[in-house]
Amino acid sequence: MSDSINVDVCYALRDRQEIVHLRLPEGCTVQRAIEASGLLQKHPEIDLVKSNKLGIFAKLVKPDAVLRDKDRVEIYRPLIADPKEVRRKRAEEGKVMKKGGGPAEDAA
């Protein structure tokens, strides 16, 4: 049995994705992997305490979660819009468009 694991630490930017491949000691945490990746220095906007959530393969985790071999640690950017508000606005716009529409005429 090996005493080290291979993990990827990923940070998705608007136009590209940063992926850092790491070999770390077994029992390493998400926090330690992110620190070892260098992404915190490269992207000072990352704030693991206040604004950025973390995940492993799209499942939210805490920074003290223990990693397994071949895990993919993901650092999520904060949302720029509330998804519920966006859906509500889209639904309102759809209702407005439907109200003004009349029956379709035959194109025969």
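As a reminder, the structure under discussion sits directly above these lines.
Residues numbered from 1 in each chain as written. Predicted model: local features only at pLDDT ≥ 70, side-chain atom pairs only at ≥ 80, totals over all residues. Heavy atoms only, no water.

Description of the pairing of strand β2 (residues 17–25)
Taken together, the nine bridges between strand β1 (residues 4–12) and β2 define a ladder with antiparallel strand orientation. Paired with valine 9 across the bridge in β2 is valine 20. Hairpin connection of β1 to β2: four residues between the antiparallel strands. (Pairing = 2+ DSSP bridges. Helix = DSSP H or I, 4+ residues; strand = E, 2+ residues; numbered from the N terminus.)

Side note on helix α1 (residues 30–37)
All of the buried residues along α1 are Val30, Ala33, Ile34 and Ser37. Seen from one end, α1 has its buried residues packed into an arc of 100°, which puts them on one side. Elements in contact with the buried residues of α1: β1, β2, α2 (39–42), β3 (53–56), β4 (59–61) and β5 (72–76). Positive phi appears at glycine 38, one or two residues downstream of α1, with a value of about 85°. (Buried < 20%, exposed > 50% of the residue type's maximum accessible area, 1.4 Å probe, protein only. Arc of directions from axis to C-beta. Contact = heavy atoms within 4.5 Å.)

Focus: the pairing of β1
In the sheet, β1 pairs with β5 via four bridges, with the strands oriented parallel. Directly across from cysteine 10, in β5, lies its bridge partner glutamate 74.

Description of the sheet that holds β1
Strand order in the open sheet made by the five strands is β2-β1-β5-β3-β4, with mixed pairing throughout. Strand pairing shows two members of the sheet lacking a second neighbour, β2 and β4, which therefore form its edges. Direction aside, neighbouring strands of the sheet carry axes that sit 30° apart on average. In the sheet, β3 pairs with β4 via three bridges, with the strands oriented antiparallel. Looking at β4, one finds that glycine 55 is bridged to leucine 60. Strands in contact with α1 are β1, β2, β3, β4 and β5; relative to β2, the strand with the most contacts, it is inclined by about 115°. (Axes fitted to C-alpha atoms, helices over the stretch in contact; angles between N-to-C directions.)

Notes on the environment of serine 37
Take serine 37: it is sitting in helix α1. Judged by relative accessible area, serine 37 falls into the buried class, the value being 11%. A C-alpha to C-alpha distance of 7.1 Å links serine 37 and leucine 22, two positions 15 residues apart in sequence. For serine 37, the contacting residues outside a window of four places in its chain are Val9, Val20 and Leu22.

Thoughts on the layout of surface pockets
By volume, the largest pocket is sized at about 180 Å³. In terms of lining residues, the largest pocket is bounded by Leu48, Val49, Lys50, Ser51, Asn52, Lys53, Leu54, Leu60, Val61, Lys62 and Pro63. Sorting the residues of the lining of the largest pocket by element identifies β3 and β4 as the ones contributing at least two each. For the lining of the largest pocket, the class distribution of residues is six nonpolar, two polar and three charged. (1 Å grid on protein atoms, 1.4 Å probe; cavity = no way out; pocket = protein on both sides within 12 Å on 5 of 7 lines; lining within 4 Å. Points joined across faces, edges and corners; volume = space filled by probe spheres on them. Nonpolar A, V, L, I, M, F, W, Y, C, P; charged D, E, K, R; others polar.)

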